[in-house]
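Examining the three-dimensional arrangement
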Amino acid sequence: MAEKSVWQLIFDHLKDDGFDVFSPGQHIGECLSKYVVLKDAGSSRYNTYSTDTYLYDVMCYVPANAFSSLEPFVAAVESSLKKMFPLIKPTGYHTPSFLDDTNKSYMVSLQYSNYRKVFYN
């Protein structure tokens, strides 16, 4: 059995902590309750070291008529993800709230990173 990816570990952790979690494109339709979308945001070389930085976007959604619940929801997600330190660390990237008319929601995106050693053969 293959080891779980860091993305899968984050996904499972949020699910285990009671959040509704989806991969990109999985949630369809109007936002009727709070949920999280977890997205692989790519990777890059860390400075000149043999280490890569992998990024993960954690997008927090609440219904458009429940804007006042957005900040506490984001705080709860951040609190949950703190338990995954040092596997993942917040990058400090935190978008302002965004009204998404397509699914009638407000969204805030947080970004987390994971560092992995690159092994050369």
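Everything here concerns the structure above.
Residues numbered from 1 in each chain as written. Predicted model: local features only at pLDDT ≥ 70, side-chain atom pairs only at ≥ 80, totals over all residues. Heavy atoms only, no water.

Section: the overall build of the protein chain
Here is the rule we go by: Helix numbers and strand numbers start at the N terminus; a helix is a DSSP run of H or I with at least 4 residues, a strand a run of E with at least 2. Per-residue accessibility, obtained with a 1.4 Å probe over protein chains only, is compared with the maximum for each type, and a residue is labelled buried under 20%, exposed over 50%, and partly exposed between these values.
Each helix and strand in the protein chain was counted, giving 2 helices and 6 strands. For the protein chain, the N- to C-terminal ordering of α and β elements is α-β-β-β-α-β-β-β. If you line up the protein chain on its principal axes, its C-alpha atoms span 55 × 35 × 25 Å. Out of the 121 residues belonging to the protein chain, those deemed buried represent 39%.

Description of the pairing of strand 3 (residues 51–63)
Under the convention used in this document: If DSSP finds at least two bridges between two strands, the strands pair.
The buried fraction of strand 3 amounts to 11 of the 13 residues, a majority that puts the element mostly inside the structure. Taken together, the 13 bridges between strand 3 and strand 6 (residues 105–117) define a ladder with antiparallel strand orientation. Note that in strand 6 the partner of T51 across the bridge is K117.

Observations regarding the layout of surface pockets
Heads up, the rule is: Grid spacing is 1 Å over the protein atoms alone, the probe is 1.4 Å, and a cavity is where that probe fits but cannot get out, while a pocket is an open set with protein on both sides within 12 Å along at least five of seven lines and lining residues have an atom within 4 Å of a point. Grid points are joined across faces, edges and corners, and a volume is the space filled by probe spheres set on the points. Residue classes follow a fixed rule: Ala, Val, Leu, Ile, Met, Phe, Trp, Tyr, Cys and Pro count as nonpolar, while Asp, Glu, Lys and Arg count as charged, and any other residue, Gly among them, counts as polar.
Each pocket or cavity is described by its volume, and for the largest pocket that value is around 180 Å³. What lines the largest pocket is a set of 15 residues, and nearest its centre among them are G25, H27, Y35, V37 and Y61. Among the elements of the structure, strand 2 (35–45) and strand 3 are those that each provide at least two residues to the lining of the largest pocket. Of the residues belonging to the lining of the largest pocket, the class tally is 7 nonpolar, 7 polar and 1 charged.

Some points on the pairing of strand 6
Here strand 6 lies mainly inside the structure; 10 of its 13 residues are buried. One ladder, built from 3 bridges, connects strand 4 (residues 89–94) with strand 6; its direction is antiparallel. Pairing of H94 across the sheet is with L110, part of strand 6. Direction of pairing for strand 5 (residues 98–100) relative to strand 6: antiparallel, over a ladder of 3 bridges. The residue of strand 6 that forms the bridge with L99 is Y106. Between the end of strand 5 and the start of strand 6, which pair antiparallel, lie 4 residues, with K104 showing a positive phi angle near 55°.

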